[in-house]
Amino acid sequence: MNAQAKALSVHFLTATGAVFAMLAMLEAIQKDWSSMFVWLIVAFAVDGIDGPLARHYNVKRYAPQFDGVLLDLIIDYLTYVFIPAYALYASGLMDGWSGWAAIIVITFGSALYFCDTRMKTNDNSFSGFPGCWNMLILVLFALSPPWWACLILVAVLAVTMFLPIKFIHPVRTDRWRVVSLPMALAWTVFAGFAAWEGFAPIAGVFWGLMITSIYLLGAGALQQVLHGQDG
C-alpha cells in the first residue's frame, strides 16, 4: 500500500464515525440508551486513534483533497454534542423547561465553540471545556442525579467553554500524558461496561468511571495552577 492509499485509509476511518453516529441516533430514537452509548463509545475510540494515524501517515501531504480537521469536527459535533443532547432530553433525565434549556445551551454554545479559532492552547490542550457532552451525559446516565443537579452541571460547563480554563487532550498534551492517556483508555473501558450493564454498573466500574472522569475534567486546570497558562 503506497503513501496515498494509507493516507486515504485514515480519512475513511475518520468517516466511519458518521456511520456510528447514525447507528447511535437510531438506537436513541428507540430509547435504547445502552446501545446508543455503545455506538458513541465506538465513535469516541475511533476519534482517539485517527488523529495520531493522520499525523503518522501525513494525510495533509498525501491526501490533501480531504480536510481531515473539518471531517473530524463534523463527526464530533454529531457524536459529542447533538446525539447526547437529544438523549439527555428524550430520556427524561432533564425534561420540561430544564430539558429545553439544556439542549439549546448545549447545541448553540457548542456550535460556536467548535468554530472558535482560539480553542487550542500552545501545548495542544483545549482552551475552555471542549464540548465533550457525550462523556458528561454518559456519567449522568450512570449517576441518575436530580434534574437540578444536571442543570447546574450543564450551565457551568457551558460557561467554561468560553473561559480561559485549560482542558487536556489525552493524546496531544505532552505534560502528564503518561497518566492522561491510560486514564482516557480506562474511561473508555469503564464507560463501555457502564453502558453495557444498562447504567447499573457494579461498584468497581462505577468508581472507575468517576475517578477517570474527574481526572480528565480537572487535569488541565490543575496544570494551570501548577505551571501557568501554557504549562
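Residues numbered from 1 in each chain as written. Predicted model: local features only at pLDDT ≥ 70, side-chain atom pairs only at ≥ 80, totals over all residues. Heavy atoms only, no water.

**Section: helix 2 (residues 33-56)**
The terminal C-alpha atoms of helix 2, which comprises 24 residues, lie 35 Å apart, in line with the 34 Å expected from a rise of 1.5 Å per residue. Among the residues of helix 2, those classed as buried are W33, S34, M36, F37, L40, I41, A43, F44, V46, D50, G51 and A54. Of the residues flanking the end of helix 2, it is N58, one or two places downstream, whose phi is positive at about 50 degrees. (Helix = DSSP H or I, 4+ residues; strand = E, 2+ residues; numbered from the N terminus. Expected span 1.5 Å × (residues − 1). Buried < 20%, exposed > 50% of the residue type's maximum accessible area, 1.4 Å probe, protein only.)

**Here's the deal with empty space enclosed by the protein**
Counted according to the given criterion, the structure contains 2 cavities of 30 Å³ or more. As a volume, the largest cavity reaches approximately 50 Å³. Surrounding the largest cavity, T14, G17, A43, V46, D47, D50, D72, I75, D76, T79 and Y80 form its lining. Mapped by element, the contributors of at least two residues to the lining of the largest cavity are helix 1 (3-29), helix 2 and helix 4 (68-90). For the lining of the largest cavity, the element with the highest residue contribution is helix 4, accounting for 5 residues. In terms of residue class, the lining of the largest cavity is made up of 4 nonpolar, 3 polar and 4 charged. Here the second largest cavity defines a volume of roughly 40 Å³. Lining the second largest cavity are F37, L40, I41, F44, N134, L138 and W187. Every element with two or more residues in the lining of the second largest cavity is listed here: helix 2 and helix 6 (133-143). (1 Å grid on protein atoms, 1.4 Å probe; cavity = no way out; pocket = protein on both sides within 12 Å on 5 of 7 lines; lining within 4 Å. Points joined across faces, edges and corners; volume = space filled by probe spheres on them. Nonpolar A, V, L, I, M, F, W, Y, C, P; charged D, E, K, R; others polar.)

**Regarding a nonpolar patch on the surface**
Where nonpolar side chains cluster on the molecular surface, the patch consists of W97, W147, W148, I152 and V156 and spans about 590 Å² of accessible area. You can see W147 is positioned in helix 7 (residues 147-160). Classification of W147 as partly exposed rests on a relative accessible area of 41%. (Patch = residues over 30% accessible without salt bridge, like charges linked within 9 Å, V, L, I, M, F, W, Y side chains within 5 Å. Areas by Shrake-Rupley, 256 points an atom, 1.4 Å probe, with all protein chains shown as cover. Salt bridge = Lys/Arg side-chain N within 4 Å of Asp/Glu carboxyl O.)

**So, the packing of helix 2 against helix 8 (residues 177-196)**
Contact geometry for helix 2 and helix 8: axes closest at 8 Å, N-to-C directions at 160 degrees. When the axes of helix 2 and helix 8 are compared, the pair comes out roughly antiparallel. Between helix 2 and helix 8 the crossing geometry is left-handed. Residues S34, F37, V38, I41 and F44 of helix 2 form the contact with helix 8, whose participating residues are W187, T188, A191, G192, A195 and W196. Residue composition of the contact of helix 2 with helix 8, by class: 8 nonpolar, 3 polar and no charged. (Axes fitted to C-alpha atoms, helices over the stretch in contact; angles between N-to-C directions. Parallel < 35°, antiparallel > 145°, perpendicular 65-115°, else oblique. Left-handed = near helix turned anticlockwise from the far one by under 90°. Contact = heavy atoms within 4.5 Å.)

**A closer look at the environment of L153**
By secondary structure assignment, the location of L153 is in helix 7. Along the primary structure L153 and G192 are separated by 39 residues, whereas in three dimensions their C-alpha atoms are 22 Å apart.

**Considering the nonpolar core**
One finds M36, F37, L88, W133, W187 and L209 to be the most contacted residues of the largest nonpolar core, which totals 57 residues. It is helix 6 that contributes the most residues to this core, 9 residues altogether. With sequence-adjacent residues up to four places away left out, M36 is seen in contact with A24, E27, A28, I83 and A87. (Core = buried A, V, L, I, M, F, W, Y, C linked by side-chain atoms within 4.5 Å.)

**Description of the packing of helix 1 against helix 2**
Helix 2 packs onto helix 1 with a crossing angle of 170 degrees between their chain directions and a minimal axis gap of 8 Å. In this view, helix 1 runs roughly antiparallel relative to helix 2, as classed from their interaxial angle. When the axes of helix 1 and helix 2 are compared, the crossing they make is left-handed. Only W33, S35, M36, W39, L40, V42, A43, V46, I49, D50, L53 and A54 of helix 2 make contact with helix 1, whose side of the interface consists of V10, L13, T14, T16, F20, L23, A24, E27 and A28. A breakdown of the residues in the contact of helix 1 with helix 2 according to their chemical character gives 16 nonpolar, 3 polar and 2 charged.

**Let's talk about the packing of aromatic side chains**
Considering all chains together, one arrives at 15 aromatic pairs under this definition. Through pairs of rings, three or more aromatic residues link up here, namely W33, F37, F141 and F199. (Phe/Tyr/Trp six-rings, centres within 6.5 Å; stacked < 30°, edge-to-face > 60°.)

These figures capture arrangement, not role.
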